Amino acid sequence: MRWTWGAMLTVVTLMGCDAITLRDIGPKTVSRTTEVPAGETCALGGSKVESGPDWNRDGVLGDAEVATTEVLCNPTSAPILTRRLSEPRGEHCELGGTRVQSGPDTNANDLLDDAEVVTTEFVCAAPPPAVLVTTEQLAPGETCPQGGQTIRAGTDMDGDGVLSSGEVGRELTACMEKAPFLVRAYSTGLDSHGFCPGGSQTLVQAGIDLDEDHALDPGEVRSSQFLCGPASKIRFSWKVTPSSEYCTNEGFAVDAWVDEDGDGEMSLGEVQTALHVCRGSTLLDGFYRVRTSADLAALQAVTHIRGSLIINHSDLQTLELPGLWSIDGTLSIVGNYNLVSLSLPALRFVGDDVEFIGNTVMTQVRLGSIGPTPAHSIWVGDQVKLSGNTTLSTLPHITGLAPQGSFILTENSSLVAPIAFPYVESLKGELVVRDNPALATLPFMNLRTVGGSVTIRDNAALGGLYGLRSLTSVDGDLQVIGNALRDEFLGLESLKHVGGDFWVMENTDLTSLALPALEDVRDLLVDDNPLLESAGPFPRLSSVRRELRLARNAKLAKVTQAPRLSAAGVVTLSQNPLLTDLSAFENVTWASAVEVAQNDALTSLAGFKRLREATLLTVAHHPRLQTLDMGERLQVSGAFYVHHNPQLAACAVTALADAAFTGDPDSRITEGNDETAVCSP
């Protein structure tokens, strides 16, 4: 038995060894490496090393096989910088806020450049607390004879919906206003400049007699219109009107007409006009400044401010006062860097100035009724000034402004087309339109007279002067300088009188200059217009009291058609290299001085053939001048300088000097002319 078991064991052992195959006990470990971009994990980027068992034995680490992950960041010594930028209202912050950016200063310039920004976060502004308003009625008394109310406004800081005494930010007293209504008409004594066929012009004014002295003072005028006809024939009718498109509260509608047939009735064909006057219901006495929402909320019930309204450095983005119709002082909107829109739709009267200055994000303004010809004007006692409003591109909703003093429109870099100001008919002060680089047209088509100066200067896109087509008289200077004027000098066809200097200078695209109605001017100065080819006609020009000058106009070839010009102060023609035609001076018989110099193409002075008398005559440095042709009766009493004209016969110059010059021999210069030329006896 024992032998048999041993033999079997031996056999099994041998057979088992022959059948065994060696195999792996478990899967291999594999890994992969990927790049980590610069960001929150690694400021300058790095590598991510992942490893795990290769269960499927494909030699590649699959996503499901990842067992461990290690991130190795690139070393950096660059400091991390942060910058904060204002975030406007929009996708990231509904109410605006702050954009916080950070990243390494890899170029070591101590500034976080755009390319170095790794992370960006937004810190958004929280909604402001509500502004609450309370009113307390006041019985008639010393403070408010007609009664009134005390208005309190402030921010609801604790959010309980109740304006507590500690939350009041602004308090004011507004009195009920009651005053009689007056209308008057008087002759202006002004030249109607052809707008009234009979020449008689009457100003009709209506307003509120605030001081109850039975007279309509300038500060009480609320509406005015001109009528053609004598004041003795002007008749009125009026009625009380409820709240309407003209007045948010009760008001008066006035019809005025020229009663030609004397029947006291307004008949078809009789010249007529309409005026509207609003009666205020709540009066604020004194100066008022708006900077906060509480300031604005307290003013909502006020319709008349007996003082100035100042809105400057305000935190507001929008400002609306729907009931305010009268400001006795100044309306000043200055330096509001957040204010986007402003609306005073009921405004009818401003006693002093209206000024919008340095409002850098403002895009919308409404004063009074809207439309190209608004239903009523806004009487402004002195000037309107719109300056430095860099985002204001058009002015369609302030066209009712009617300043009595000046209108100033300067440095509005986005202003393209301000529509029109139909109620600007006469200015006692000045008109200034300067440094508006995008301005294409002028908006003063009904302006007839200016008591001061007119400056149209450095408006690079201004194509023409059509917006001044009704202008007839400027008592001060008129400057047209540094504009494009691609549409030539069209637009001043009605201009008759300039009391001061008339400058036409440096207008880059101006090719011709014609002034068909101009009659008199102190100085007419036409200089440095690089494309100007012709000046004239000037069919009605009869008086240039001091100087007529054309200088440094590179393409000017002719100055023509001034048939009524017989006398001038100083006539200067200088450095116009193509000038040949001087026929505009054919009827000039007297001039204080004639100075003609450095006009390279000029061959003759026959344009001065009728000149009889001059104190000074200068003709110098003309390389092609061959003849003077200045007439036989010329008398020059002060100085005779005809020199350095190489083709002009010296003998002809000497003969003219001998015959014409009666002054000191030391004031006679005739050198540098053609000494070789022979003159006929």
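Residues numbered from 1 in each chain as written. Predicted model: local features only at pLDDT ≥ 70, side-chain atom pairs only at ≥ 80, totals over all residues. Heavy atoms only, no water.

### Quick word on the state of the cysteines
Here's step 1: Scanning all chains against the criterion turns up two disulfides.
Here's step 2: There is a disulfide in this structure between C93 and C124, and the S-S distance comes to 2.0 Å. Of note, the bridge from C93 to C124 carries an S-S torsion of about -75 degrees and is left-handed in sense. One end of the pair, C93, is in the loop between strand 4 (80-87) and strand 5 (97-104); the other, C124, is in strand 6 (residues 119-124), and 31 residues separate them in sequence.
Here's step 3: The class for C93 is buried, based on a relative accessible area of 1%.
Here's step 4: Looking at C124, the relative accessible area reads 41%, which means it is partly exposed.
Here's step 5: Two residues share a disulfide in this structure: C651 and C679, whose sulfurs sit 1.7 Å from each other. Given an S-S torsion of about 85 degrees, the disulfide between C651 and C679 has right-handed geometry. Of this pair, C651 sits in helix 3 (residues 650-660) while C679 is found in the segment after strand 47 (668-669), placing the two residues 28 residues apart along the sequence. (Disulfide = S-S within 2.5 Å. Helix = DSSP H or I, 4+ residues; strand = E, 2+ residues; numbered from the N terminus. Buried < 20%, exposed > 50% of the residue type's maximum accessible area, 1.4 Å probe, protein only.)

### What to know about the packing of aromatic side chains
Here's step 1: Overall, the coordinates contain five aromatic pairs when judged by the stated rule.
Here's step 2: Here the aromatic rings of F421 and F444 are separated by 6.0 Å at their centres, their planes lie at 20 degrees, and the arrangement is stacked. Here F421 is found in the loop between strand 30 (407-410) and strand 31 (426-427), whereas its partner F444 is found in the loop between strand 32 (431-434) and strand 33 (449-450), with 23 residues between them in sequence.
Here's step 3: When its relative accessible area of 0% is taken as the criterion, F421 is described as buried. (Phe/Tyr/Trp six-rings, centres within 6.5 Å; stacked < 30°, edge-to-face > 60°.)

### A word on the sheet that holds strand 23 (residues 341-344)
Here's step 1: Reading across the sheet, the three strands line up as 20-23-26 and stay open at both edges, with parallel pairing between neighbours. Of all strands in the sheet, those with a lone pairing partner are strand 20 (318-320) and strand 26 (364-367), marking the two edges. On average, each strand axis in the sheet is inclined to that of its neighbour by 5 degrees, with strand direction left out of account. (Pairing = 2+ DSSP bridges. Axes fitted to C-alpha atoms, helices over the stretch in contact; angles between N-to-C directions.)

### Remarks on the confidence of the model for the protein
Here's step 1: Model confidence for the protein is summarised by a mean pLDDT of 84, while 89% of its residues fall at 70 or above.
Here's step 2: Note on residues 1-23: pLDDT under 50 across the span, and zero contacts to partners over four residues away in sequence or across chains. (pLDDT = per-residue confidence, 0-100. Contact = heavy atoms within 4.5 Å.)

### Points about helix 3
Here's step 1: Taken together, the buried positions of helix 3 are A650, V653, L656, A657 and A660. For helix 3, the buried positions fall inside an angular range of 125 degrees around the axis, keeping them on one side.
Here's step 2: Considering only its buried residues, helix 3 is in contact with strand 46 (635-643) and strand 47. (Arc of directions from axis to C-beta.)

### A short note on empty space enclosed by the protein
Here's step 1: What the rule picks out here adds up to one cavity of 30 Å³ or more.
Here's step 2: Taken as a whole, the largest cavity holds about 70 Å³ of empty space.
Here's step 3: Around the largest cavity, the lining residues are L513, L524, V526, A535, F538, L548, L550, V559, A562, L565, A584 and F585.
Here's step 4: When residues of the lining of the largest cavity are traced back to their parent elements, those giving at least two are strand 39 (520-527) and strand 41 (543-551). (1 Å grid on protein atoms, 1.4 Å probe; cavity = no way out; pocket = protein on both sides within 12 Å on 5 of 7 lines; lining within 4 Å. Points joined across faces, edges and corners; volume = space filled by probe spheres on them.)

### Points about the sheet that holds strand 13 (residues 234-241)
Here's step 1: Here three strands make up an open sheet; going across it, the order is 13-14-15 and the pairing antiparallel. Both edges of this open sheet fall to strand 13 and strand 15 (272-278), since each of them pairs with a single strand only. The average undirected angle you get between the axes of adjacent strands in this sheet is 20 degrees.
Here's step 2: The sheet contact formed by strand 13 and strand 14 (residues 251-258) spans eight bridges and is antiparallel. If you follow W238 over to strand 14, its bridge partner there is V254.

### Observations concerning the side chain of S377
Here's step 1: With respect to the helices and strands, S377 occurs in the loop between strand 26 and strand 27 (378-380).
Here's step 2: For S377, a relative accessible area of 8% translates into the label buried.

### Let's talk about the pattern of salt bridges
Here's step 1: For the structure on display, the rule yields 25 salt bridges.
Here's step 2: Measuring nitrogen to oxygen at the nearest pair gives 3.9 Å for the salt bridge that ties D259 to R235. On the criterion of sequence distance, the pair formed by D259 in the loop between strand 14 and strand 15 and R235 in strand 13 is long-range, its members being 24 residues apart.
Here's step 3: Two residues, D527 and R552, come together in a salt bridge whose shortest N-O distance is 3.8 Å. Of this pair, D527 sits in strand 39 while R552 sits in the loop between strand 41 and strand 42 (558-559), and the two are 25 residues apart along the sequence.
Here's step 4: For D527, a relative accessible area of 0% corresponds to the buried category.
Here's step 5: By relative accessible area, R552 is classed as partly exposed at 36%.
Here's step 6: Residues joined by salt bridges that share partners form a network here, namely D477, D501, R522, D523 and R546. (Salt bridge = Lys/Arg side-chain N within 4 Å of Asp/Glu carboxyl O.)

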